[in-house]
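# Fold and geometry: a report
The residues making up each chain are set out below.
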Amino acid sequence: MGMQAFLDVFDIYLLEAVINGILLGGVLALLALGLNLIFGVIDVTWICYAELVMIGMYGMYFMVQYYGFSYFVAAPLTILLVAVLGAALHYLVIAPLLTAPPINQLLATGGVLFVLQSFATVAFGIDFRNLGIRLPVLALGDMNFSYARLLSFVAALVGMVAVYLFMTRTFTGTAIRAISQDRQIMALMGVDTKRIYLITSALGGALAGLAACLLVLQYDVHPFVGLSFGPITFLICVLGGLGNFIGGFIASFVFAEIISLGGLFSDLEWGYVLAFAFFIVMMFIRPAGLLTRRR
Amino acid sequence: MMGQGRLAAWGVGLAALVALPFVYRDPYHLHILVLILIWSFAYTSWSMMGRFGLVSLGHGGFMGIGAYVTALLWNHAGLSPWIGIPISMAAAGALAMIVGYPCFRFRITGHYFVLVTLALSGIVLQVITATRDYTGGSLGYTPNRASGNKLLALQFDDKTTWYLIALAVWLFGIVVWHWVDRSMARYALEAISEDEDAAAAAGVDVTAEKLKITLLSALMTALAGAIYCQYQMFITPDTVSGIAVSLQMVFAAIVGGLFVSLGPTVGAIITILLAESLRIGFGTKAVGWDNLVYGVLLVLFIIFLPKGILGSLLDRLKLQRKVPRAHEQKAVQVARPGT
C-alpha cells in the first residue's frame, strides 16, 4: 500500500520531468539550429552565441519594463535587433578573418564574448532583472506545467519550421544550402557569397533573438546568463555533429531530458554535470556524432 | 640552442629579479609583480599546448580544480597544501586525461576540440557553484588562516617571500617550456599540428604525444591555480575557473606571442598593467571596463597581429639576421585543425 503510493507519486514526478525536458528541448534545439546554420554555411563557430541571446534578453527587458511595450510588440523588435547584431558581428569580425585559420575566427568570437559580457556589466550592472510577466501554470491532473515553457516550446517549433520553409522554398534559402555544400563552386555559379553570408548571419542572429524572447519568460537576465546555457549548446552541436541540423535537433532533446531528469534528483547544475558525463561517454561510443556527417 | 650571450643575459636578468625585493620594497608594486609572475606561469602552461595548435578553452577548469581542491582539502580535511597541491594537480591531470583521451583517440580536432574543452571549463564552474555548501558557491571561498606553522600551511604574510615563490614557479615554467622546445616531442607535435595523417604515417604516436603535452599543461595550470589561491587567500569561481579565465589565458598568450618562451609573460605584463591602470583610473566604475578593453584588443590582435607583440618584434629582428624556421613562417596560423 505504502509502496504503491510512493510509486504513484514518483511516476507523476517522473512524467512531469520528462515532459518538462521535452519543453526545454525546444529552446535548446532553437539555439543549436542557429549555431549549426552559421557553422554549416560560413564554417565559423560563434562562441559568443549565447551572449547574443543575453543582449536580446536585455532588449526585451528594457522594451517591456522601461518603455512599456507589450510583449508581442517587443518580441519582433528584439529579433530584429539581434539579427542586426549577428550581421554586424559577421561584417566587422568574421569577414576580415575569412581566409585566416578557423581557430583564429573562433577565438575572435571569444573576444566578442568578452566584449558583450562586459558591455552588459558596464551598461546594465550585475543585478538580476526579470520581465515581471508571470504566466499562469497549467495543471494537468497532478502535474504542473508553466505556460512560459509551453509557449517557448511551441514558438521554438514554429521558428524551426519557418527556417525550414525558408531554406527549402525560397531562392535565397536554396543558395544558402548550396553554399554549405560547396563554397567555391557557388561563387562561380554567380551567387554573391558575401551577401549570402550576411543573410545567414542575420538569420542566425534572428534565431538567437527568438530564443531570447522565449528564455526571458523563464529566466532572470544578468550579464553572465549566457554561461548557463552556452556550454550545453556547444555540447549539443558537437554531439549532433557540427552543421548537422537533424543531429542537433535530436541531441537537444536528449540533453534536455538528461538535464531535466538529473534536476529531478538534485539541483539543476548537477543535471548539467550529468549531461557532460553523458557527452564524454558518447564520445567513446560515437566519436563522429549521433548522426555521422563529419569531415 | 642557447648561445653564450643569451645565457649570460638570462643570468643577469634573473639575478636582478631575485635581488629586486631586497632593494625595492613598495608592497603594492610587489603585489602586482607577484600577480604578473603567477599569471605568467598559468599563461605559459596554456601555451605549452596552445603553440602546437591544441587550442584548449578548458584550462579555466584545470586552474579552478587546482585552487579549489587545495583549499577544500586544507579547510575540510586539514591537509597541508604541500600534500593538497599534488592531489589537486593529480585531479586536474586525471580530468585532462578523461577528456583528452577520447578527443585525441577519435581525432576530435579544431572546432570540435575547442568546443569540448570550452564545455569542460563551463562544467567545472557549474560544479563549483552547485556544491555551494562546501565551496561557498559564487560568493567565493577563503582558506582558513593557519594557527601553527606558516611554512606547513604555505601561508606567508610578507610580499618578499611570495615574490620569491612566484619567481621560482615562473622560472620553472620557462625551464619546462625550453625543455619541451628542445625535446623530440616538439618535432612530433609540430608534425602533428601540420598534418596528423602524415605524422602518423611517419611513425609518430599522435594520441600519446598529444596526451603527454596535455597532461603536462594541465598539471602546471592546476599548480598555478593552487599558488594563486595560497597567495590571494580568496578565490571565487569566476576568478579561477570558467570560460572567461580560459579566454583570458588565450588572450594573454596571443597578445604576448604564442611561439616564444617569454610571449605569455609579456602578455601577462600587458594585461595586468592594463587592468590595474583601468582600476586606478576609473575606481569602482572600472568593473567590466577591463574586460571590455581586453575583448576589443583580442579581436584586433587576431585580425591585425596574430603573432603577438613579442613574436612580431622578434620576427623583425630575425628577418635581418636569418631566415626563420619553417614553422615560424607559418606562425600566423595558430592552428591547422583537420578541416
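Residues numbered from 1 in each chain as written. Chains lettered and ligands numbered in written order. Predicted model: local features only at pLDDT ≥ 70, side-chain atom pairs only at ≥ 80, totals over all residues.

## Let's talk about the overall build of chain A
When helices and strands are tallied, chain A shows 11 helices and 2 strands. Overall, chain A shows an N-to-C arrangement of helices and strands of α-α-α-α-β-β-α-α-α-α-α-α-α. Its C-alpha atoms give chain A a radius of gyration of 20 Å, within 12% of the compact-globule value 19 Å for 295 residues. Along the first, second and third principal axes, the C-alpha atoms of chain A reach 75 × 50 × 35 Å. By the burial criterion, 53% of the 295 residues in chain A qualify as buried. Counted over contacts in chain A with a minimum sequence separation of 6, partners at least 24 positions apart contribute 77%. (Helix = DSSP H or I, 4+ residues; strand = E, 2+ residues; numbered from the N terminus. Rg over C-alpha atoms; globule rule 2.2 N^0.38 Å. Buried ≥ 20, exposed ≤ 12 C-beta atoms within 10 Å, placed from the backbone. Contact = placed C-beta atoms within 7 Å.)

## Concerning the overall build of chain B
Across its full length, chain B holds 17 helices and 0 strands. For 339 residues, the compact-globule estimate of 2.2 N^0.38 gives 20 Å, and chain B sits close to it at 20 Å. Its C-alpha atoms put chain B at 60 × 45 × 40 Å along the principal axes. Out of the 339 residues belonging to chain B, those deemed buried represent 49%. Intrachain contacts of chain B at a sequence separation of at least 6 include 77% that bridge at least 24 residues.

## Details of the interface of chain B and chain A
Listed per partner, the contact involves 43 residues of chain B and 42 residues of chain A. Elements with a minimum of two residues in the side of chain B that touches chain A: helix 4 (81–105), helix 5 (110–130), helix 13 (243–256) and helix 15 (289–304) of chain B. Among the elements that make up the side of chain B that touches chain A, the one with the highest residue count is helix 5 of chain B (14 residues). Here the side of chain B that touches chain A is built from residues that sort into 31 nonpolar, 11 polar and 1 charged. (Nonpolar A, V, L, I, M, F, W, Y, C, P; charged D, E, K, R; others polar.)

## Structural notes on the packing of helix 2 (residues 27–50) of chain B against helix 8 (residues 159–181) of chain B
All names here are of chain B. Their axes nearest at 9 Å, the elements helix 2 and helix 8 cross at an angle of 25 degrees. In terms of axis orientation, helix 2 runs roughly parallel to helix 8. For helix 2 against helix 8, the interelement crossing comes out left-handed. Residues P27, L30, H31, L33, V34, L37, I38, S40, F41, T44, S45 and M48 of helix 2 form the contact with helix 8, whose participating residues are K159, W162, Y163, A166, L167, V169, W170, G173, I174, W177 and V180. Of the residues contributing to the contact of helix 2 with helix 8, the split by class is 17 nonpolar, 5 polar and 1 charged. (Axes fitted to C-alpha atoms, helices over the stretch in contact; angles between N-to-C directions. Parallel < 35°, antiparallel > 145°, perpendicular 65-115°, else oblique. Left-handed = near helix turned anticlockwise from the far one by under 90°.)

## A look at helix 9 (residues 184–194) of chain B
Those residues of helix 9 of chain B that sit buried are A188, L189, A191, I192 and S193 of chain B. Buried residues in helix 9 of chain B make contact with helix 10 (196–201) and helix 11 (206–232) of chain B.

## Quick word on the packing of helix 4 of chain B against helix 11 of chain B
All names here are of chain B. It is the contact of helix 4 with helix 11, at a shortest axis distance of 8 Å, that shows an interaxial angle of 145 degrees. Seen from above, helix 4 lies across helix 11 with right-handed handedness. For the contact of helix 4 with helix 11, a count of residues per class yields 16 nonpolar, 7 polar and 2 charged.

## So, the nonpolar core
Core analysis: the largest hydrophobic core is formed by 200 residues, its most contacted members being M57, A211, L235 and F255 of chain A together with I38 of chain B. Apart from the residues lying within four places of it in its own chain, the contact partners of L235 of chain A are F255, A275, F276 and F279 of chain A together with A119 of chain B. (Core = buried A, V, L, I, M, F, W, Y, C linked by C-beta atoms within 7 Å.)

## Topic: unusual backbone geometry
Most peptide bonds are trans, and most residues other than glycine sit at a negative phi. With a phi close to 65 degrees, D43 of chain A is a non-glycine residue in the positive phi region. Within the element layout of this structure, D43 of chain A appears in the loop between helix 1 (2–42) and helix 2 (49–66).

## Regarding helix 15 of chain B
Note that an α-helix has 3.6 residues per turn; residues three or four places apart therefore point the same way. With 16 residues, helix 15 of chain B ought to run about 22 Å at 1.5 Å a step, and its terminal C-alpha atoms sit 22 Å apart, in line with that. Within helix 15 of chain B, burial applies to D290, N291, L292, Y294, G295, L298, V299, F301 and I302 of chain B. On its buried face, helix 15 of chain B sits against helix 3 (71–94) and helix 4 (102–124) of chain A together with helix 13 and helix 14 (263–282) of chain B. (Expected span 1.5 Å × (residues − 1).)

## Quick notes on the environment of M97 of chain B
All names here are of chain B. Structurally, M97 is set in helix 4. A tally of 13 C-beta atoms within 10 Å means that M97 is categorised as partly exposed. For the pair M97 and H178, spaced 81 residues apart in the sequence, the C-alpha separation amounts to 23 Å. When sequence neighbours within four positions are dropped, the list of residues in contact with M97 reads L211 and L215.

## Section: the confidence of the model for chain B
Residues and elements named next belong to chain B. Taken residue by residue, chain B gives an average pLDDT of 85. The fraction at 70 or more is 92%. Averaged pLDDT values for the elements of chain B fall to 47 in helix 17 (residues 326–329) and rise to 95 in helix 11. Taken as a whole, residues 326–339 scores under 50 in pLDDT and shows 38 contacts with residues more than four places along the chain or in a different chain. For this predicted complex, the interface confidence reaches an ipTM of 0.77, while the overall pTM sits at 0.82. (pLDDT = per-residue confidence, 0-100.)

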